[in-house]
Amino acid sequence: MKKFWLLILVVSVFFSCGDGERSNNNPYIPNYNVNLSVDMNLPAYSNLKFVSNGVIVPNYGAKGIIIFNAGNTYNAYDAACPNQEISSCVAMTVDGINAVCSCDKTSYSLFTGLGNKEYPLKQYRVQVTGTVIHVYN
């Protein structure tokens, strides 16, 4: 009987494990390899030292990478509108704590990546070492 309960415990733990991230599959944004490092000591990125500030780094991903200081962590998203054909819109703009799509004017939270459309912002992994932010997938 003990083996039975142990088996149930192991199976339930196995099925409860997940990576905790939402799916990054988006039919509008291709999967580009991203490997970017920015140093917050450089003037172009110094605003990232402060909470609720974001910058767009062009020429990475589909339309550039938005890096955002969310307080305890940094978030990085593709600047391509997640619910529009990639060729139909220019890069999103940062408006305070939101990214705004140039085509349909939809706002997406830079804290969560969510907007009121089907697909959220395409998110990248972030690692911070000292003043250097490394964005990758």
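Refer to the structure presented above.
These lines cover the structure that appears in this document, whether it is placed above or below. Computed from a predicted structure; not experimentally measured.

Some words on the pairing of strand 9 (residues 132–136)
Inference 1: Side chains Ile133 and Val135 project from strand 9 onto a buried face, and the interleaved Val132, His134 and Tyr136 project onto a face without burial.
Inference 2: Where strand 8 (residues 123–129) meets strand 9, 5 bridges bridge the pair, whose relative direction is antiparallel. Residue pairing for strand 9: valine 126 is matched across the bridge by valine 135.

Section: the state of the cysteines
Inference 1: Applying the stated criterion across every chain, the model contains 2 disulfides.
Inference 2: Residue cysteine 81 pairs covalently with cysteine 101 via a disulfide, S to S 2.1 Å. Torsion about the S-S bond of the cysteine 81 and cysteine 101 cystine: about 110°, corresponding to right-handed handedness. Residue cysteine 81 is found in the loop between strand 4 (74–78) and strand 5 (93–95), and its partner cysteine 101 is found in the loop between strand 6 (98–100) and strand 7 (107–109); the two are separated by 20 residues along the sequence. Both residues of the pair, cysteine 81 and cysteine 101, count as buried.
Inference 3: The partner cysteine of cysteine 89 in its disulfide is cysteine 103, sulfur to sulfur 1.7 Å. On the sign convention where negative is left-handed, the bridge of cysteine 89 and cysteine 103, at about -130° about the S-S bond, is left-handed. Of this pair, cysteine 89 sits in the loop between strand 4 and strand 5 while cysteine 103 sits in the loop between strand 6 and strand 7, placing them 14 residues apart in sequence.
Inference 4: The partly exposed category is assigned to cysteine 103, whose relative accessible area is 35%.
Inference 5: Once the disulfide-bonded cysteines of the protein chain are ranked by sequence position, their pairing pattern turns out to be 1-3, 2-4.

Notes on the pairing of strand 3 (residues 65–69)
Inference 1: Most of strand 3 is tucked away, with 5 of its 5 residues classed as buried.
Inference 2: Taking every second residue as pointing to the same face, both faces of strand 3 are buried, with Ile65, Ile67 and Asn69 on one and Ile66 and Phe68 on the other.
Inference 3: Relative to strand 3, strand 2 (residues 54–57) is paired through 4 bridges, and the arrangement is antiparallel. Bridge pairing links isoleucine 56 to isoleucine 66 in strand 3.
Inference 4: In the sheet, strand 3 pairs with strand 4 via 5 bridges, with the strands oriented antiparallel. Paired with phenylalanine 68 across the two strands is asparagine 75, which belongs to strand 4.
Inference 5: Here strand 3 folds back onto strand 4, and the loop between the two strands holds 4 residues, one of which, glycine 71, carries a positive phi near 100°.

Some remarks on the sheet that holds strand 9
Inference 1: Reading across from one edge, 1-9-8-4-3-2 is the order of the 6 strands in this open sheet, with antiparallel pairing throughout. Two strands lie at the open edges of the sheet, namely strand 1 (35–39) and strand 2, each paired on one side alone. Across the sheet, the mean angle from the axis of one strand to that of its neighbour is 25°, orientation sign disregarded.

Describing the side chain of asparagine 75
Inference 1: When you line up the elements, asparagine 75 lands in strand 4.
Inference 2: Accessibility expressed as a relative area gives 8% for asparagine 75, which makes it buried.
Inference 3: A distance of 3.5 Å separates a polar atom in the side chain of asparagine 75 from a polar atom in the side chain of tyrosine 77.
Inference 4: Leaving out residues up to four positions away in the same chain, asparagine 75 has contacts with Ile66, Ile67, Phe68, Ala70, Leu110, Phe111, Gln123 and Val126.

Structural notes on the side chain of serine 109
Inference 1: Relative to the elements of secondary structure, serine 109 occurs in strand 7.
Inference 2: For serine 109, the side chain forms a polar contact with the main-chain nitrogen of phenylalanine 111, separated by 3.1 Å.
Inference 3: With near-sequence residues (within four places) excluded, serine 109 lies in contact with Tyr77, Ile97, Asn98, Leu114 and Leu121.

Scoring rules and cut-offs
- Every residue gets a number counted from 1 within its own chain, in the order that chain's sequence is written.
- Since the coordinates come from a predicted model, pLDDT governs what is reported: local features require at least 70, and pairs of side-chain atoms require 80 or more to be given and counted, while whole-chain, interface and lining totals use all residues.
- Side-chain measures here rest on the full set of heavy atoms in the structure, leaving out hydrogens and waters.
- Burial status follows relative accessibility: with a 1.4 Å probe on protein chains alone, a residue under 20% of its type maximum counts as buried, one over 50% as exposed, and anything between as partly exposed.
- Numbered from the N terminus, helices here are DSSP runs of H or I no shorter than four residues, and strands are runs of E no shorter than two.
- Here, any two strands with at least 2 DSSP bridges between them count as paired.
- Two cysteine sulfurs form a disulfide in these notes if their separation is within 2.5 Å.
- Orientation is described by axes fitted as lines to C-alpha atoms, over the contacting stretch for helices, and by angles from 0 to 180 degrees between their N-to-C directions.
- Polar contacts here mean pairs of N or O atoms no more than 3.5 Å apart (in protein, one a potential hydrogen donor and the other a potential acceptor; neighbouring residues in sequence count only if both atoms are side-chain atoms).
- Only heavy atoms matter for contacts: two residues are in contact if any of them lie within 4.5 Å across the pair.

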